[in-house]
Amino acid sequence: MTATLPTPQPPTQALPLATGRAALGRELRARGRRRLLGADLLSVAAWGSAAAAVALYLADGAAGQFGTVPQALTAIGIIAGLIGTDLVLVMMLLAARLPWIDRAIGHDHAMSVHGKLGKPSLYLILAHMVFLLLGYGASEGLNPIAEAVSLWNLVPDMWLAFVSIALFIAVVVTSLVAVRRKMPYEFWHAIHLLTYAAVLTGLPHQFSVGGLFAEGHWQRLYWELFYWTVVVALVGFRVVAPLVRTWRHQLTVTRVIEEAPGVVSIEMTGLRLAELTGEGGRFFIWRFLAPGVWWHAHPFSLSAEPSGRGAPYGIRITVRDLGRGTAALLRIRPGTKVALAGPYGNFAHSSRTRPGLVMVGSGIGITPIRALLERAEFAPGDATVILRGGDPSRLYLRDEIAALCRARGAVLYELVGHRARGKSWLPRHQSGLHLTDYLPEGAPPLTDSDIYVCGPRDWSDAVLADAKASGAADAQLHRERFDW
């Protein structure tokens, strides 16, 4: 049976674009080049910091300390520790929610790199311990275990170093368990607190043992600046900024509207909402200050722009019952105060790189598509919106999206039905089609379009794989995950 393309819902009218397609394309490509440059500079800075740590150590006389086996083992251990510690601090900066990192690579990619650095940093710190025990033991005629006992008992602050390594091992192991078992955000938060404890307990021996970070050395200045940069970033952007934003905007729940069984839209009003810069599908971390739920932090994208066109409310999110934490939000009452942090992520018009626009959402992942559609700039006929659901009732906010498509000149497809087997993202009766088949005639090709995808992980992976197989580059692909 041959797959047939469903009949699209074409726009009945189109708002004029302030700039033509060619001008918009130039602007977006220039923006894309700036983002790529920012990402490259971040990579250079990250790896350059590790290289600088090693270079400062070698330049401080260590280059000549490889004459004997014990000296070589000790030097290798120190170098491993320097690189490992440097990577841990880079990880903490990636998790600090710095705005310029978010703009360059997005929260999603930053946390992905953060996670990938966990094992290498742990291995380097373990190598640091092993090689130092071998080097010190060889010079004193002790085996590694006897050397460890000696260091614990005789060297000030060294017992804290062993505690630090134990905490780092606990962090990596619990992180792997959290990934496998899909632990809630609060568990992730506890893991991060454990990371801070590991770093703090590892600090004293670095500055008190030996002359590596002695007063007046460039190494000491380098590490002091690095540590203070991390502290200021974490406190400033993970503690102070959310408190200031919460106080400044004074968000209050005004209405809770049932959109479908188990799905509600939470409408809020507040002060200076135009400053929130939600930019469509970017997400915030929300805390609803009501008994029983105030300690739950929820990452939700906006489902409508702040003070959106014709909206009787200030800001809105749409929530689906996906577990005990989100189920409680369905019972939130008007008048509840709201704390927030953000916005985060690159699921926004500001991350565009091409004149064409393809937006694909499934289930509750449709809701940030609605907000992005409201904000994104595109020429009439250059945007395609694809909504995916097992049945029509799961095309959340479908009527609002259809109205926006008609008004803005976007083509809308609604793909309903059970998903095809294998790695297809389409319904069974359309499994022979590809993303390119849904582009309107005359629209930019997929290779000259931005593709925004939001939905379950496996389904999103299938959409992105289809896009890449059709020639789309990584810089054109934008996704929003609903996990940590």
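Above this text is the structure in question.
Remember, it's a predicted structure, so these values are computed and weren't measured experimentally.

Re empty space enclosed by the protein
Reasoning step 1: One pass over the structure, following the stated rule, counts 2 cavities of 30 Å³ or more.
Reasoning step 2: Roughly 50 Å³ of volume is contained in the largest cavity.
Reasoning step 3: Lining the largest cavity we find Leu94, Arg97, Leu98, Ile101, Asp102, Gly106, His107, Ala110 and Met111.
Reasoning step 4: For the lining of the largest cavity, the element with the most residues is helix H3 (residues 99-116), which contributes 6 residues.
Reasoning step 5: Residue classes in the lining of the largest cavity are distributed as 5 nonpolar, 2 polar and 2 charged.

A few points about the nonpolar core
Reasoning step 1: Judged by nonpolar contacts, the single largest core of 39 residues is most densely connected at Trp223 and Phe226.
Reasoning step 2: Looking at this core, the elements with two or more residues in it are helix H1 (21-59), helix H2 (69-94), H3, helix H4 (118-140), helix H6 (158-181), helix H7 (185-208) and helix H8 (218-249).
Reasoning step 3: Looking at this core element by element, the count peaks at 12 residues for H2.
Reasoning step 4: Excluding its chain neighbours within four sequence positions, the residues that come into contact with phenylalanine 226 are Ser49, Asp86, Leu89, Val90 and Leu93.

Structural notes on the sheet that holds strand S11 (residues 477-480)
Reasoning step 1: The sheet built from 5 strands is open, its strands ordered S9-S8-S7-S10-S11 with parallel pairing. Both outer strands of the open sheet, strand S9 (410-416) and S11, are each paired with one neighbouring strand and no more. Strand-to-strand twist across the sheet, computed as the mean angle between neighbouring axes with direction ignored, equals 15°.
Reasoning step 2: In this structure, strand S7 (residues 356-362) lies alongside strand S8 (residues 383-389), joined through 6 bridges in parallel fashion. Across the sheet, valine 360 pairs through a bridge with isoleucine 386, a residue of S8.
Reasoning step 3: Against the sheet, helix H11 (residues 398-408) makes contact with S8 and S9, and its axis sits at roughly 150° relative to S9, the strand it touches most.

Quick look at the sheet that holds strand S2 (residues 263-269)
Reasoning step 1: Within the closed barrel, the 6 strands sit side by side as S1-S2-S5-S4-S3-S6. Their pairing is antiparallel. Each strand axis lies, on average, 45° off the axis of its neighbour in the sheet, ignoring direction.
Reasoning step 2: As paired strands, strand S3 (residues 283-288) and strand S6 (residues 337-344) are joined by 5 bridges and run antiparallel to one another. Looking across to S6, one finds that arginine 287 is bridged to alanine 339.

Topic: the packing of aromatic side chains
Reasoning step 1: On inspection of all chains with the given rule, the structure shows 11 aromatic pairs.
Reasoning step 2: Look at tyrosine 222 and tryptophan 223: their rings are 5.3 Å apart centre to centre, the planes differ by 90°, and that puts the pair in the edge-to-face class. The two residues tyrosine 222 and tryptophan 223 agree in class, both being buried.

Remarks on the environment of proline 120
Reasoning step 1: Here proline 120 is to be found in helix H4.
Reasoning step 2: For proline 120, a relative accessible area of 34% translates into the label partly exposed.
Reasoning step 3: For the pair formed by proline 120 and valine 88, sequence separation is 32 residues and the distance between their alpha carbons is 9.5 Å.

Here's the deal with the pattern of salt bridges
Reasoning step 1: Under the criterion given, the structure shown has 15 salt bridges.
Reasoning step 2: As a salt-bridge pair, arginine 255 and glutamate 267 come within 2.9 Å of each other at their nearest N and O atoms. In this pair, arginine 255 sits in strand S1 (residues 251-260) while glutamate 267 sits in strand S2, placing the two residues 12 residues apart along the sequence.
Reasoning step 3: Salt bridges here are not isolated pairs; linked through shared partners, they connect Arg316, Arg370, Glu374 and Glu400.

What about the pairing of S2?
Reasoning step 1: Judged by how many residues are buried, S2 sits mostly within the fold: 6 of 7 residues are covered.
Reasoning step 2: Alignment of S1 against S2, held across 7 bridges, turns out to be antiparallel. Residue pairing in the sheet places alanine 260 in a bridge with valine 263 of S2.
Reasoning step 3: Relative to strand S5 (residues 315-320), S2 runs antiparallel, the two being bridged by 6 bridges. Bridge pairing links glutamate 267 to arginine 316 in S5.

Regarding the side chain of aspartate 102
Reasoning step 1: Mapped onto the secondary structure, aspartate 102 falls in helix H3.
Reasoning step 2: Take aspartate 102: its relative accessible area is 5%, and that puts it in the buried class.
Reasoning step 3: A distance of 2.8 Å separates a polar atom in the side chain of aspartate 102 from the backbone nitrogen of histidine 107.
Reasoning step 4: Beyond its immediate chain neighbours, meaning those up to four positions away, aspartate 102 contacts His107, Arg282, Pro343, Tyr344, Gly345 and Asn346.

How each quantity is defined
Residues numbered from 1 in each chain as written. Predicted model: local features only at pLDDT ≥ 70, side-chain atom pairs only at ≥ 80, totals over all residues. Heavy atoms only, no water. 1 Å grid on protein atoms, 1.4 Å probe; cavity = no way out; pocket = protein on both sides within 12 Å on 5 of 7 lines; lining within 4 Å. Points joined across faces, edges and corners; volume = space filled by probe spheres on them. Helix = DSSP H or I, 4+ residues; strand = E, 2+ residues; numbered from the N terminus. Nonpolar A, V, L, I, M, F, W, Y, C, P; charged D, E, K, R; others polar. Core = buried A, V, L, I, M, F, W, Y, C linked by side-chain atoms within 4.5 Å. Buried < 20%, exposed > 50% of the residue type's maximum accessible area, 1.4 Å probe, protein only. Contact = heavy atoms within 4.5 Å. Pairing = 2+ DSSP bridges. Axes fitted to C-alpha atoms, helices over the stretch in contact; angles between N-to-C directions. Phe/Tyr/Trp six-rings, centres within 6.5 Å; stacked < 30°, edge-to-face > 60°. Salt bridge = Lys/Arg side-chain N within 4 Å of Asp/Glu carboxyl O. Polar contact = N/O pair within 3.5 Å; in protein donor to acceptor, adjacent residues only side chain to side chain.

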